[in-house]
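Results of the structural survey
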Amino acid sequence: MELLTQFALAAGLAWASGIRVYLVAFVLGMAHKHGFVVLPGDLSLLSHDIVLWASGVMLLGEFVADKVAWFDSLWDVAHTFIRLPGGMLLAFWALGDQGPAAQMAAALIGGTIVSGTHLLKAGSRVAINHSPEPFSNIGASLGEDVAVIGGLWLLYEHPLVFMALLAVFMALVIWLAPKLWRLVRGVWRSAAGRWSGHRAEPG
C-alpha cells in the first residue's frame, strides 16, 4: 500500500473514530477477517476473535445509548477518553509498514482529526437535546451510523475524494468550534446553576 493511501487510511480511521470508534473497529475487523479488505500492520489485530467480540458488544451498547436524549451527551463526555486515544492508535497502526517516524506523524495528525470530529458530534448532540421530542436524537444517531459506514467505503474506494471531503469537514469544524464551545459551556453553567439552586432550597 502506498504511503499516501496509508496516510489517507490513518486520517479516515481517526475521523470515523471520533463518531463511532467501536463501529470502526468491528466493521474493519470483520472486513479483514472475511477478506474484503487487507489491513496493514497491527491493524489486522482488529480481526482477532477477542477484539471482535469486545468491539461488537460495545457497539451494541453504544447503538442503544447514543439514541437516548441527554444520556448520549453523558456517553460522549465519557468517551472523550476512549475515542481520542482510540483514533490516534488506529492512525498509528495504519502506518505500521512505514516505520516509527511515519507512525508518530500519523498519530499526531489523527489526534487533531479525531478531536475535531468528537467535538462536532458532542456539541451537535447538546444542541439537539434542547428539542423536546426524541426523534431528532434517533435520527442524528442513525445518520452518524450511515456516515461512518459510508465514509469507510469511500475511503477504500475513492481515497482522494474522501480526503477532499475531509478537508472541507475540518474547515467546518474550525468554523463551528467556538460556537459549539459557547453552547456547551452555557448548558453546563445552566445545569450547575439549577443544581446549586436545588441544594440551596432546603436551607
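Reading the values: rules and limits
- Residues numbered from 1 in each chain as written.
- Predicted model: local features only at pLDDT ≥ 70, side-chain atom pairs only at ≥ 80, totals over all residues.
- Heavy atoms only, no water.
- Helix = DSSP H or I, 4+ residues; strand = E, 2+ residues; numbered from the N terminus.
- Buried < 20%, exposed > 50% of the residue type's maximum accessible area, 1.4 Å probe, protein only.
- Contact = heavy atoms within 4.5 Å.
- Areas by Shrake-Rupley, 256 points an atom, 1.4 Å probe, with all protein chains shown as cover.
- Core = buried A, V, L, I, M, F, W, Y, C linked by side-chain atoms within 4.5 Å.
- Axes fitted to C-alpha atoms, helices over the stretch in contact; angles between N-to-C directions.
- Parallel < 35°, antiparallel > 145°, perpendicular 65-115°, else oblique.
- Left-handed = near helix turned anticlockwise from the far one by under 90°.
- Nonpolar A, V, L, I, M, F, W, Y, C, P; charged D, E, K, R; others polar.
- Phe/Tyr/Trp six-rings, centres within 6.5 Å; stacked < 30°, edge-to-face > 60°.
- Lys NZ or Arg CZ within 6 Å of the ring centre and 35° of its normal.
- Expected span 1.5 Å × (residues − 1).

The helix and strand tally for the protein chain stands at seven helices and zero strands. Listed by position from the N terminus, the elements making up the protein chain come as α-α-α-α-α-α-α. In the protein chain, which comprises 203 residues, the share counted as buried stands at 42%. Taking the contacts inside the protein chain whose residues are at least 6 apart along the sequence as the reference set, 72% of them involve residues at least 24 apart. Only carbon and sulfur atoms are counted for the fraction: they give 76% of the accessible area of the protein chain, which is about 10800 Å².

We now examine the nonpolar core. Counting residues in hydrophobic clusters, the biggest one holds 44 residues, and the most contacted among them are Leu13, Trp15, Leu43 and Leu166. Among the elements of the structure, α1 (3-33), α2 (49-65), α4 (80-94), α5 (100-128), α6 (135-157) and α7 (159-200) are those that each provide at least two residues to this core. Other than its neighbours up to four places away in sequence, Leu13 contacts Val24, Leu28, Leu43, Leu90, Ala94, Leu152 and Leu155.

Moving on, we get to the packing of α1 against α4. Contact pair α1 / α4: the axes reach a minimum separation of 8 Å and the direction vectors enclose 150 degrees. Between α1 and α4, the crossing angle belongs to the class labelled roughly antiparallel. Remark: the crossing between α1 and α4 carries right-handed chirality. Counted together, Gln6, Leu9, Ala10, Leu13, Ala14, Ser17, Gly18, Ile19, Val21, Tyr22 and Val24 of α1 and Ile82, Arg83, Gly86, Gly87, Leu90, Ala91 and Ala94 of α4 form the full contact between these two elements. Across the contact of α1 with α4, the residue classes tally to twelve nonpolar, five polar and one charged.

Moving on, we come to the packing of aromatic side chains. Counting across every chain of the model gives three aromatic pairs. On the basis of an interplanar angle of 90 degrees and a centroid distance of 6.5 Å, the ring pair of Trp15 and Phe169 is categorised as edge-to-face. Taken together, the residues Trp15 in helix α1 and Phe169 in helix α7 connect sequence positions 154 residues apart. When sorted by exposure, Trp15 lands in the same class as Phe169, which is buried. Ring pairing ties together the aromatic residues Trp15, Phe162 and Phe169, which thus form one cluster. For Lys67, the ring lying beneath its charged end belongs to Phe63, and the centroid distance is 3.6 Å.

Moving on, we get to α6. The end-to-end C-alpha distance of α6, which contains 23 residues, comes to 32 Å, matching closely the 33 Å that a straight helix rising 1.5 Å per residue would cover. Restricting attention to buried positions, one finds in α6 the residues Asn137, Ala140, Ser141, Glu144, Asp145, Val148, Gly151, Leu152, Leu154 and Leu155.

Attention now moves to the side chain of Asp76. Mapped onto the elements, Asp76 comes out in helix α3 (residues 71-78). Asp76 sits in the buried class, given a relative accessible area of 2%. Dropping the residues within four chain positions of it, Asp76 is found in contact with Asp66, Arg83, His118, Lys121, Ala122 and Arg125.

For Leu13, the position within the fold is in helix α1. Residues Leu13 and Gly87 lie 74 residues apart in sequence; the distance between their C-alpha atoms is 6.5 Å.

Everything listed here is a matter of coordinates, which is why it stays silent on function.
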